[in-house]
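# Remarks on the overall topology
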Amino acid sequence: MARIQLLSLSQDELLSFVKEDLGESAFRAKQIAEWLARGASIDEMTNLSAKLRASMNEIAVADPVRIMEVFPSKIDETEKFLYALEDGNIIEGVIMRYHHGDTLCVSTQVGCRMGCAFCASTLDGRVRDLTPGEILGQVVCVNRYIREKDASRRVHNIVLMGSGEPLDNYDNVIKFLRLVNAPEGLNISLRNISLSTCGLVPRMHALAREGLPVTLSVSLHAPNDAIRRQIMPVANAYPIDQLIAACRDYVENTGRRVVFEYALIKGVNDSLECADELAGLLRGLQCHVNLIPLNDVKERSLHAPDRRAVDAFLKRLGQRSVSATVRREMGADIDGACGQLRRKVIGGAK
Ligand code: SAH
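These notes cover the structure that comes with them. All figures in this text were calculated on a predicted structure; none of them were measured in a lab.

All right, on to the site of the ligand then. Around the ligand there are 18 residues in total, and F118, S196, S219, H221 and N295 lie nearest to it. In this structure, an oxygen atom belonging to the ligand sits 2.6 Å away from a side-chain N or O atom of S196. E261 places a polar side-chain atom, nitrogen or oxygen, 3.0 Å from an oxygen atom of the ligand. For the shell around the ligand, the class distribution of residues is nine nonpolar, seven polar and two charged.

This is how it looks when you write it as structure tokens:
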């Protein structure tokens, strides 16, 4: 039988684990919770007796995600991680140091089944969903790693922009959001968390009603259905009008603006006509557009436009009163784009 992942448990669930599975009293739950938030393994929980730790090890695991390898950028302070999961799967993540604090990009699935034409994470499909504890495990182990280097650092912001489609693993992602926000845990503000989706419309409506004020990022990448369907299969299931309506619903229910991600792809979605159409589509919506020059993916012949075309696109959006910026590239030398590093390691990309 698989061992219980302690990081997946809510406070109440941890309490009943301590009482019922371990036969211990309630204060042990508090001790264990403190260790969990610090990224400790069961063996490191030294205020528990060796006997108790041994019996815990048989039925539970505290650190379901372990850093296998770190790839520091030589250009900036970005670091990329490969993590090992208990079942031998490998996932990746990246920490970026911004002036407003450390931002960690986390994965929500091993692989992805959304099939976006430009994305490396989806090339081998979805292997499995990550558990709440495996999503949280990425945060606690990187938090520990950066604090060991510099005690003034901590994971301040989280973006759910690694491998996987968060809303395709809805229940586990919602539980993760509640766990990471818990005062007894890492206590990270939901306002410092961005959830990025390719646009699973019914789940966007559901998220708007969870009472979790995260920033919703929507991977739009096209101003109309015809172009969107060429690069994102999900656009066949949910037309762009329904997607924008779901964004309006999110703004109305949460009071938070929506961020649109728009990866500029040469000859596909980078014309000034596209910029005009995009401005029309977003008129009256509280939003911001993040323009991302495409990270070339070797397996596909899709490329970024040159810098002048990117600037012209940005300028045109500005003229149409759309709030937009070009995303700063970080960790360019360490395969910053999602899914690329893992593929290199597991042998997918040659
Ligand atoms: N599944 C979610 C989150 C993961 S991807 C989503 O689709 O939003 C995070 C962001 O990176 C998405 O906007 C995705 O479209 C974008 N992305 C994927 N591959 C990319 C590439 N090669 N270049 C630029 N952005 C890419």
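Past the structure itself, the notes keep going.
Another point: the nonpolar core. Among the nonpolar cores identified, the biggest contains 108 residues, and L6, I32, I158, L177, F260 and L282 are the most heavily contacted of them. Sequence-distant contacts of I32, that is, excluding residues within four places in its chain, are made with L6, L14, V18, L22, M45, L48 and M56. Of all hydrophobic cores here, the second largest spans five residues; its members include V94, M96, C105 and M161.

Next up on the list: the pairing of strand β9 (residues 155-160). Counted residue by residue, β9 has five buried out of six residues, so it is predominantly covered. With four bridges joining them, strand β6 (residues 101-105) and β9 adopt parallel strand pairing. Within β9, the position partnered with T103 by the bridge is N157. Handedness of the crossover joining β9 and strand β10 (residues 193-197) through helix α5 (residues 170-181): right-handed.

What counts and how
Residues numbered from 1 in each chain as written. Predicted model: local features only at pLDDT ≥ 70, side-chain atom pairs only at ≥ 80, totals over all residues. Heavy atoms only, no water. Near = heavy atom within 4 Å. Polar contact = N/O pair within 3.5 Å; in protein donor to acceptor, adjacent residues only side chain to side chain. Nonpolar A, V, L, I, M, F, W, Y, C, P; charged D, E, K, R; others polar. Core = buried A, V, L, I, M, F, W, Y, C linked by side-chain atoms within 4.5 Å. Buried < 20%, exposed > 50% of the residue type's maximum accessible area, 1.4 Å probe, protein only. Contact = heavy atoms within 4.5 Å. Helix = DSSP H or I, 4+ residues; strand = E, 2+ residues; numbered from the N terminus. Pairing = 2+ DSSP bridges. Right-handed = clockwise from strand over helix to strand, strands pointing away.

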